[in-house]
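Okay, here's what each chain looks like letter by letter:
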Amino acid sequence: MKKLLLSSLLLTASVFAADGYEVYKNKCQACHTEMMTAEYALSHLNELVAPPMVEVSARLKENIKTTDEEEDVDRYLFILFVKDYIVNPQLDNSMCNSGAIEKFGTMPSLKGKINDDEKQAVAEWLYDRYENTKF
Ligand code: HEC
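Residues numbered from 1 in each chain as written. Predicted model: local features only at pLDDT ≥ 70, side-chain atom pairs only at ≥ 80, totals over all residues.

1. Comments concerning the overall build of the protein
Inference 1: In terms of helices and strands, the protein carries 7 helices and 0 strands.
Inference 2: When the helices and strands of the protein are listed from N to C terminus, the series reads α-α-α-α-α-α-α.
Inference 3: Residue burial in the protein is summarised as follows: out of 135 residues, 21% are buried. (Helix = DSSP H or I, 4+ residues; strand = E, 2+ residues; numbered from the N terminus. Buried ≥ 20, exposed ≤ 12 C-beta atoms within 10 Å, placed from the backbone.)

What follows is the structure, encoded as structure tokens:
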């Protein structure tokens, strides 16, 4: 009984501090592969249902650039964009190139399937995971 209580307390605690990589694995990985080279992606386009995460991260970083010297500002805007896009994906907001959208269609909304902590965690993960990775 004590053990059960303890483990349910631990479970609750981990829900509050969502782990971005876990969120990615549970809610994004089915469509977005974590890592592949651009060459591989191009030659396997027919097997992909969405752009790989490494590409999504790189594309957003290219597009979300303020003149601000502080990289923190760009990271903050990147996270805001991702948190919004996953529950409100729209053609108008997308930074994918039009060819990609034509191929994949717009991402289905995760509204109701992801909570605020998970959104924050996965958006931070998406920025930081590919910090030193080019696509
Ligand atoms: C059912 C498949 C599917 C799932 C699950 C999914 N995505 Fe996507 N996602 C797509 C597709 C398809 C696109 C490309 C078309 C587009 O930009 O809407 C995309 C594009 C994106 C973009 C790029 C938007 C842009 O402007 O380029 C982001 C960011 C993104 N997904 C984040 C996520 C995150 C984070 C998760 C998990 C919490 C997730 N996606 C789960 C299918 C999915």
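2. Some points on the environment of asparagine 97
Inference 1: Topologically, asparagine 97 is positioned in the loop between helix 5 (71-87) and helix 6 (98-104).
Inference 2: By C-beta crowding, asparagine 97 is classed as exposed, having 11 other C-beta atoms within 10 Å.
Inference 3: Taking the C-alpha atoms as reference points, asparagine 97 and arginine 59, separated by 38 residues in sequence, lie 9.1 Å from one another.

3. Considering the site of the ligand
Inference 1: Taken together, 27 residues lie near the ligand, and Cys28, Cys31, Ala50, Met95 and Met107 sit nearest.
Inference 2: For the shell around the ligand, the elements supplying multiple residues, two or more each, are helix 4 (53-63), helix 5, helix 6 and helix 7 (116-128).
Inference 3: Residues that form the shell around the ligand fall into these classes: 21 nonpolar, 4 polar and 2 charged. (Near = placed C-beta within 6 Å. Nonpolar A, V, L, I, M, F, W, Y, C, P; charged D, E, K, R; others polar.)

4. Focus: the packing of helix 2 (residues 20-27) against helix 7
A packed helix pair is summarised by two numbers, namely the angle formed by the two axes and the spacing between the axes.
Inference 1: Contact geometry for helix 2 and helix 7: axes closest at 7 Å, N-to-C directions at 100 degrees. Judged on the interaxial angle alone, helix 7 and helix 2 are roughly perpendicular. Within the contact between the two elements, helix 2 uses Gly20, Tyr21, Val23 and Tyr24 and helix 7 uses Glu118, Ala121, Val122, Glu124 and Trp125. (Axes fitted to C-alpha atoms, helices over the stretch in contact; angles between N-to-C directions. Parallel < 35°, antiparallel > 145°, perpendicular 65-115°, else oblique. Contact = placed C-beta atoms within 7 Å.)

These figures capture arrangement, not role.
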